[in-house]
Amino acid sequence: MLDKYGRNINYLRISITDRCNLRCKYCMPDGCESVPHDDILRYEEFLRLARIFASLGVEHVRVTGGEPLVRAGAVDFVRALKAVPGIRKVSMTTNGTLLARYGEALAEAGLDSVNISLDSTDPELAREISGSDGVVDSVRESLALMRELGVPAKLNAVLLADTAASLVPLARFAEEGVPVRFIELMPMGVGRFERGLDPDAALGILRGVWPDLSPAGLCIGSGPAHYYVSGSLAAPIGFIDAVSHRFCASCNRVRLTSRGYLKPCLCFEAGADLRALLRSGADDAELERAIALCVFNKPRQHCFDEPQEITEAHLMSQIGG
Ligand code: SAM
Ligand code: SF4
């Protein structure tokens, strides 16, 4: 599927729920309201859309949330996505807390890879950020389990002003062969009230320990991360720095929220209400047209440098990251 700037859109993120078992302060702090169950698409509805997206050229689907593994049936959904003709890769972004329970079933269902989020290896700081105890241990255990199961895993950490001291311990996961990516805090939802850490400053901190960290022309998966390698690290360190280093020109993705709303760009509210179409009896051709039109009109670039231009007011947990 080409947009009007000639970008090939072949990657779809599906947020299957806006609910989560954690309360990360930059994403979904305590007190956020959940979308009513009836407003959230049923798996059959997601699958119907996934088939249409695949027929239009989407090859990679990432299942996200909220926390995708809090929704019953997530494993079967992964299995069903894997069976959709044209979808070559199904991945998941998760906080890792439920992988001990579902990891084996996900591997058996054919999950191709997983991104696990953790912002600090300091248990106290991790609790302060996520609102929950035990996340560091559960992520360590999840990474070990995914390795044992042969499912490639990466670690994602949001760069926060108060996690500067956590960068090196987080990066040490790369010594064990896990690619680690640092995500620049985006001024979306409640994220706009948090203080982030500049990615260049973060790289400087890492170079204090691994001075040979140098840019690598690596591309792992469908992501926008740019990577650095060191002779002392078994895996690369990546940065996803959408705010300070715009990568919109090579953006290949669109997002489907749990409410069935198709978002062509994170920053903007404009998109297509596929749920309304689905539930008003639209046939596949109508859905196809709505998707293709929305993708065609994907904005040229985000507006993080001018936050007053951001029209998207939903939380990241409602969009899927
Ligand atoms: N619950 C899952 C998880 O935490 O991995 C999946 C959903 S979460 C919304 C997806 C990703 O978005 C996580 O890595 C999270 O850290 C990131 N995220 C949430 N809010 C963000 C923000 N304001 N800026 C940058 N990343 C954010
Ligand atoms: Fe939940 Fe993920 Fe948001 Fe944290 S980042 S509150 S784990 S959805």
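See the structure above.
Calculation criteria
Residues numbered from 1 in each chain as written. Chains lettered and ligands numbered in written order. Predicted model: local features only at pLDDT ≥ 70, side-chain atom pairs only at ≥ 80, totals over all residues. Heavy atoms only, no water. Axes fitted to C-alpha atoms, helices over the stretch in contact; angles between N-to-C directions. Helix = DSSP H or I, 4+ residues; strand = E, 2+ residues; numbered from the N terminus. Parallel < 35°, antiparallel > 145°, perpendicular 65-115°, else oblique. Left-handed = near helix turned anticlockwise from the far one by under 90°. Contact = heavy atoms within 4.5 Å. Nonpolar A, V, L, I, M, F, W, Y, C, P; charged D, E, K, R; others polar. Pairing = 2+ DSSP bridges. Phe/Tyr/Trp six-rings, centres within 6.5 Å; stacked < 30°, edge-to-face > 60°. Buried < 20%, exposed > 50% of the residue type's maximum accessible area, 1.4 Å probe, protein only. Lys NZ or Arg CZ within 6 Å of the ring centre and 35° of its normal.

**Student:** Is there a simple way to think about the packing of helix 1 (residues 43-55) against helix 2 (residues 74-82) in this case?
**Tutor:** Running from amino to carboxyl end, helix 1 crosses helix 2 at an angle of 20°, the nearest separation of the two axes being 11 Å. The angle between helix 1 and helix 2 falls in the class roughly parallel. Crossing geometry of helix 1 relative to helix 2 is assigned as right-handed. Facing Tyr-43, Phe-46, Leu-47 and Ala-50 of helix 1, the residues of helix 2 in contact are Ala-74, Phe-77, Ala-80 and Leu-81. Taken together, the residues of the contact of helix 1 with helix 2 sort by class into 8 nonpolar, no polar and no charged.

**Student:** How should the sheet that holds strand 4 (residues 113-117) be read in this particular structure?
**Tutor:** The strands making up a sheet are joined through hydrogen bonds of the backbone, oriented either antiparallel or parallel. Strand order in the open sheet formed by 12 strands is 7-8-9-6-5-4-3-2-1-10-11-12, with mixed pairing between adjacent strands. Two strands lie at the open edges of the sheet, namely strand 7 (214-216) and strand 12 (272-273), each paired on one side alone. Sitting on the sheet, helix 5 (residues 135-149) is in contact with strand 4 and strand 5 (153-159), with an inclination near 170° to strand 4.

**Student:** Looking at this model, I keep getting lost on the packing of aromatic side chains. Mind explaining?
**Tutor:** The way to describe two aromatic rings as a pair is by their centre distance and the angle between their planes. Taken as a whole and assessed by the stated rule, the structure comprises 4 aromatic pairs. Seen in terms of ring centroids, Phe-46 and Phe-77 are 5.9 Å apart; in terms of plane orientation they differ by 50°. Their pairing is tilted. In this pair, Phe-46 sits in helix 1 while Phe-77 sits in helix 2, placing the two residues 31 residues apart along the sequence. This pair shows no difference in class: Phe-46 is buried, exactly as Phe-77 is. When the centroid spacing of 5.8 Å and the interplanar angle of 90° are considered together, the rings of Tyr-228 and Phe-239 count as edge-to-face. Taken as a pair, Tyr-228 in strand 8 (residues 226-229) and Phe-239 in strand 9 (residues 237-240) lie far apart in primary sequence, 11 residues in all. Neither residue differs from the other here; Tyr-228 and Phe-239 are each classed as buried. The side chain of Arg-71 reaches across the aromatic face of Tyr-43, ending 4.1 Å from its centre.

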